[in-house]
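# Geometric and topological summary
Spelled out from the first residue to the last, the chains are:
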Amino acid sequence: MLTRRTLALGSATVALLITPAGALAAGTTVTVRVEGAKRTLLATKAVHTHAGSITKDGAPKGSCPATNAVGAFNSATRGNWAGTYSSGLGLEVTKILGERHVYSPNGFYWGFWINNKFASQGICQQTLKKGDHLLFAPAPAKGMVHPTAIRAPRTASTTSAFKLRVVSYTDAGKAKPLGKARVSDGKSTAISNANGYITVHAQSAGKYHFTASEKGYIRSAAVTVKVS
């Protein structure tokens, strides 16, 4: 069961904690995605962090280096997020792109994953390296949800079937097959087998966009297969 300590992302009291950091460093390129309760709020977006600091909802100047996760998050969302700040608790993110989640014992809050692992630090504490992937999604106060992904070929042909594989990520960030996931191209839906696979027979050429979802898991990013 997820405890309040786990919710804190590096603090014993608050999720997405912002605390003072050291000197600013050069920026780097990472990707950010935001999954809402019912739809994708922000598809995977590449951003480059920059010098300076993020001041929002009362966060003191210099406490949130823009080179850290908070800077990437702020750039990707164009500042369209909100939180609550206090000197004792720090800053807790409560709204992203219009969708609000505030921690309550039986509710959801905005969780933060980096490279498919639940973050152990707040977004202002979390340093970044080139190629890191940041994911924000509603997380339950009781229990846990895990990221998912679809593995697919980039190209395929109408003359032969191709396979997609759905995986989920463990607490350690390791991929494992996810059965019974719903995979959709926006027109039809198929269910992955015990090994995470579905077989696709594309009857016409074009670009197919697939997403996977399953109760208790975070919706996957969309993947595109070009069929000729």
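In this report, the structure presented in the accompanying data block is examined. (Residues numbered from 1 in each chain as written. Predicted model: local features only at pLDDT ≥ 70, side-chain atom pairs only at ≥ 80, totals over all residues. Heavy atoms only, no water.)

### Focus on the side chain of threonine 94
By secondary structure assignment, the location of threonine 94 is in strand 4 (residues 90-96). Excluding anything up to four places from it in sequence, threonine 94 contacts Ala82, Gly83, Thr84, Glu99, Arg100, His101, Val102 and Trp110. (Helix = DSSP H or I, 4+ residues; strand = E, 2+ residues; numbered from the N terminus. Contact = heavy atoms within 4.5 Å.)

### Observations regarding the pairing of strand 17 (residues 223-227)
Residues of strand 17 alternate between two faces, with Val223, Val225 and Val227 buried on one and Thr224 and Lys226 left unburied on the opposite face. Relative to strand 17, strand 10 (residues 155-156) is paired through two bridges, and the arrangement is parallel. Looking across to strand 17, one finds that alanine 156 is bridged to valine 227. Here strand 16 (residues 206-213) pairs with strand 17 via five bridges, running antiparallel. Bridging across to strand 17, histidine 209 finds its partner in threonine 224. (Buried < 20%, exposed > 50% of the residue type's maximum accessible area, 1.4 Å probe, protein only. Pairing = 2+ DSSP bridges.)

### Let's talk about the sheet that holds strand 14 (residues 189-191)
Taken in spatial order, the five strands line up as 10-17-16-13-14 in an open sheet, and their pairing is mixed. With partners counted over all chains shown, the strands left at the sheet margins are strand 10 and strand 14, one partner each.

### Here's the deal with the state of the cysteines
One pass over the full model with this rule turns up one disulfide. The disulfide partner of cysteine 64 is cysteine 124, and the S-S distance across this bridge is 2.4 Å. Since a negative S-S torsion denotes a left-handed disulfide, the cysteine 64-cysteine 124 link at about 100 degrees is right-handed. Note that cysteine 64 is positioned in the loop between strand 2 (40-48) and helix 2 (69-77) and cysteine 124 in the loop between strand 7 (117-118) and strand 8 (133-140), a separation of 60 residues in sequence. When sorted by exposure, cysteine 64 lands in the same class as cysteine 124, which is buried. (Disulfide = S-S within 2.5 Å.)

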